[in-house]
Each structure stands twice: as structure tokens, then as C-alpha cells.
Amino acid sequence: MGRLTAIVLGAAGGGGFPQWNCRCPVCRLAWDGDPRVTRSSQASLAVSADGRQFTLLNASPDLREQIAATPALQPAAGLRGSPIAAVMLTGAEIDQTAGLLALRERHAFTIHGSAQTLDAVAANPMFNVLASDVVARRACAIGAPVPLPGGVQADLFTVPGKVPLYLEGDDLELAAETEANVGVEISCGGRRLAFVPGCAAATPALIERLARADVVLFDGTLFTDDEMIATGTGIKSGRRMGHMPIDGEGGSLAALAGLPGRRIYIHINNTNPIRVAGSPERRKVEAAGWEIAADRLKIEL
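Note that the structure is predicted; figures quoted are calculated from it, not measured.

**Observations regarding the overall build of the protein**
Looking only at helices and strands, one finds eight helices and 14 strands in the protein. By the compact-globule yardstick of 19 Å for 301 residues, the protein fits well, its C-alpha radius of gyration being 18 Å. Overall, the C-alpha framework of the protein stretches about 50 × 40 × 40 Å when taken along its three principal axes. Expressed as a percentage of the 301 residues in the protein, the buried residues total 53%. Within the protein, contacts between residues separated by at least 24 positions form 68% of all contacts whose residues are at least 6 apart in sequence. Carbon and sulfur atoms provide 53% of the accessible area of the protein, an area that totals close to 12,900 Å². Averaged over its 28 positive side-chain charges, the protein has a centre that lies 7 Å from the centre of its 31 negative ones.

This is the structure we're talking about:
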């Protein structure tokens, strides 16, 4: 068995970067070709320890293009086939599940996720194009180890957050710890990687869990809680959307400062100024020891 390897297929939040209809100050740089910013697709990872079979952590709407940009995920032999052997979902948001529809050509793989997430997928008949005789669905219990193809193991853990946008009701809880929003720890040979693309608050239990990991990829959606309001791109705060900010009181920069492992921000919104190389916000997170995820970043543990 080889080393645990993770490939960042996409590093952006929902909508990607630049967002298709946005000319906020950060997107404007991308549309104008400014070299300080790099285009990015929506957040997803591919993990493996043998380099032959891969598990995707979430299936973004950009999956077709992500496969085209990642040789390790491309068909290598035979008439049809793929190294993608499983998908592990951390929730049922559009940007976590829509890419499943790109995998509909009767390729055998398994979709893993919490029971609540798989129920949300099952409730949408569009996903019935994934033929049940070749695409299995496996509900994973929180805290129960799940062997995955490629020689890795997954453990799901609850993360403060909310249900997907399309399932919100009048009694919405913004930082509930339920199966609707989870993180996943991928391990192999004593090495651990934690993937938390959406988090509303850093609880003591979550911090303790992340402190075990050699690498943490964590929710970097917004730099400040009111970022979208201040830029005129939205009316919701980060916490209202289920994402704690990076900076400010209760932000992840301070809350996770004591983590001993490698720390990488992922799921970075198009409005977030940490996208801009050399910006004060980028310098602040880098000075604190954080990295900024980029598409095609390869992480070997």
C-alpha cells in the first residue's frame, strides 16, 4: 500500500471562481485576467492510498471538467472504466451532489454518506439516473469506520451547520450538530486527513478531533461574517449560511490556532479577498500558518 494521497479537484465555494454573473472586487480581477488570482472550480477532493482506485469527497457540479484536468481520474484501459470507485458525501447541498449526475453512464461505484444525506438524495428522482443495479448507496453511521476503495478508511463526524438551502424551513437551526452536515476523516497507515468544507462553529469536540489530523482542509468560505452584505453580493451573513468566518470574533483563524498539523482553507467563496495573492487578508492567514487550497493541489501524507 502506498501513501495516503489527496488531490484537490476544486477549492471554491458554491458557484466557483469567478462566479458566472459576478463582478465583485475579487471576481473582477479574474475576469480582467489579473495574475494575482487563480480561477477555481467547486470544492471536492479525490483520495487514495494505492493510486488505482479513488474516492471522491463530494461530487461538485464541475466534476466533468475536474476529471478532464486530473489524469489520475481518467479512464486508462479497456472500452469503459474509471478509477473513481466511490463518492463520500458530507452533505446534500447542490455543490456537493450535482456532480453525481456526471457519473451516470453505468459505471459501478458506491455513494456513501449519512442516512440523512442519502435520504435527501433519494428524495430527488433526478438521481435515479444512477442505475441502482450498478451504483450502490451505503448509509454510514457517525463514528463508525468505513473501509473505502484504494486502501483508505473514512470516519464521519458531526459538524455544526444546517440543512441544505433547498430544505430550509421556518424553524431553521444554523449550528445544529446533525447528520445533515458532517466532516470526514480519511486515514491510512496511521496518517489522517480531515475534510470540513462547511462549519458554522468550532466546538471543543471538533477542535479535539481536528487536532488528531496531520492535514486539515477547513471551511474558508468568507473572510468576514458580513462579507457578502458589505460587497453588495448578498443579504446573508456567513453564519446565516452555515459558515463561520475566518477573521473576527469566533472566527476560525483564532479558534483553530492551536492545531498542530498542516492547515489549508478550502471552499473559498468568490468574494473572499484571501484569493488575492499579496492582499492584507491573504498575508494575515499565511502569517498564521494557513495555506490556501488551489485546484490540482496534491497532498501526500
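**A look at the pattern of salt bridges**
Counting across every chain of the model gives 17 salt bridges. Among the ionic pairs, Glu-300 bridges to Arg-3, the shortest N-O distance being 3.8 Å. Here Arg-3 lies in the segment before β1 (5-10) and Glu-300 lies in strand β14 (residues 298-300), a separation of 297 residues in the sequence. Note that Lys-284 and Asp-247 form a salt bridge whose closest N and O atoms lie 3.0 Å from each other. A residue pair is termed long-range when its members are at least 10 positions apart, and Lys-284 in helix α8 (residues 280-287) and Asp-247 in the loop between α6 (227-231) and α7 (252-255) qualify at 37 residues.

**Looking at the packing of aromatic side chains**
One pass over the structure, following the stated rule, counts one aromatic pair. With a centroid separation of 3.9 Å and an interplanar angle of 10°, the aromatic rings of Tyr-265 and Trp-290 are classed as stacked. Here Tyr-265 is found in strand β12 (residues 262-266), whereas its partner Trp-290 is found in strand β13 (residues 290-292), with 25 residues between them in sequence. For the pair shown, Tyr-265 and Trp-290 are each scored as buried.

**Quick word on the sheet that holds strand β10 (residues 191-196)**
Pairing within the open sheet is mixed, and its seven strands lie in the order β7-β8-β9-β10-β11-β12-β13. In this open sheet, the two edge strands, each paired with only one partner strand, are β7 (146-148) and β13. Mean inter-strand twist for the sheet, computed between neighbouring axes without regard to direction, equals 25°.

**Looking at the layout of surface pockets**
Each pocket or cavity is described by its volume, and for the largest pocket that value is around 700 Å³. Every residue lining the largest pocket is counted, 34 residues in all, and those nearest its centre are Glu-93, Asp-95, Leu-165, Met-241 and His-243. Broken down by element, the residue count for the lining of the largest pocket peaks at three residues, all from helix α3 (residues 94-97). For the lining of the largest pocket, the residue count by class is 12 nonpolar, 16 polar and six charged. Taken as a whole, the second largest pocket encloses approximately 450 Å³ of empty space. As for the second largest pocket, its lining consists of 17 residues, and the residues nearest its centre are Pro-75, Gly-81, Ser-82, Ala-102 and Glu-105. Residue contributions to the lining of the second largest pocket peak at three residues, all from helix α2 (residues 63-68).

**Side note on the environment of Arg-3**
Among the residues examined, Arg-3 registers a relative accessible area of 49% and is labelled partly exposed. A sequence separation of 298 residues divides Arg-3 from Leu-301, and the C-alpha atoms of the two residues are 6.1 Å apart. Discounting chain neighbours no more than four positions away, the residues touching Arg-3 are Ser-48, Ala-49, Glu-300 and Leu-301. Reaching out from Arg-3, the side chain makes a polar contact with the backbone oxygen of Leu-301 at a distance of 3.4 Å.

**Focus on the sheet that holds β1**
In spatial order, the strands read β6-β5-β4-β3-β2-β1-β14; together these seven strands make up an open sheet with mixed pairing. A single partner strand is all that each edge strand has here, and the edge strands are β6 (135-139) and β14. Adjacent strand axes in the sheet meet at a mean angle of 20°, parallel and antiparallel pairs treated alike. Lying on the sheet, helix α4 (residues 115-122) is in contact with β5 (109-113) and β6; it crosses β6 at an angle near 140°.

**A closer look at unusual backbone geometry**
Cis geometry marks the peptide bond from Phe-17 to Pro-18, where omega comes out at -5°. Within the secondary structure, Pro-18 is located in the loop between β1 and α1 (25-31). Here Arg-296, not a glycine, exhibits a phi torsion of approximately 75°, which is positive.

**Thoughts on the side chain of Thr-271**
Counting through the fold element by element, Thr-271 comes out in the loop between β12 and α8. Here Thr-271 falls in the buried class, since its relative accessible area comes to 4%. Engagement of the side chain of Thr-271 in a polar contact is seen with the side chain of Glu-227, the distance being 2.6 Å. Reaching out from Thr-271, the side chain makes a polar contact with the side chain of Asn-269 at a distance of 2.7 Å. Ignoring any residue separated from it by four or fewer positions in sequence, one finds Thr-271 in contact with Cys-24, Val-26, Leu-222, Glu-227, Met-228, Thr-231 and Thr-233.

Basis of the calculations
- Residues numbered from 1 in each chain as written.
- Predicted model: local features only at pLDDT ≥ 70, side-chain atom pairs only at ≥ 80, totals over all residues.
- Heavy atoms only, no water.
- Helix = DSSP H or I, 4+ residues; strand = E, 2+ residues; numbered from the N terminus.
- Rg over C-alpha atoms; globule rule 2.2 N^0.38 Å.
- Buried < 20%, exposed > 50% of the residue type's maximum accessible area, 1.4 Å probe, protein only.
- Contact = heavy atoms within 4.5 Å.
- Areas by Shrake-Rupley, 256 points an atom, 1.4 Å probe, with all protein chains shown as cover.
- Lys, Arg positive; Asp, Glu negative; His and termini not counted.
- Charge placed at Lys NZ, Arg CZ, Asp CG, Glu CD.
- Salt bridge = Lys/Arg side-chain N within 4 Å of Asp/Glu carboxyl O.
- Phe/Tyr/Trp six-rings, centres within 6.5 Å; stacked < 30°, edge-to-face > 60°.
- Pairing = 2+ DSSP bridges.
- Axes fitted to C-alpha atoms, helices over the stretch in contact; angles between N-to-C directions.
- 1 Å grid on protein atoms, 1.4 Å probe; cavity = no way out; pocket = protein on both sides within 12 Å on 5 of 7 lines; lining within 4 Å.
- Points joined across faces, edges and corners; volume = space filled by probe spheres on them.
- Nonpolar A, V, L, I, M, F, W, Y, C, P; charged D, E, K, R; others polar.
- Polar contact = N/O pair within 3.5 Å; in protein donor to acceptor, adjacent residues only side chain to side chain.

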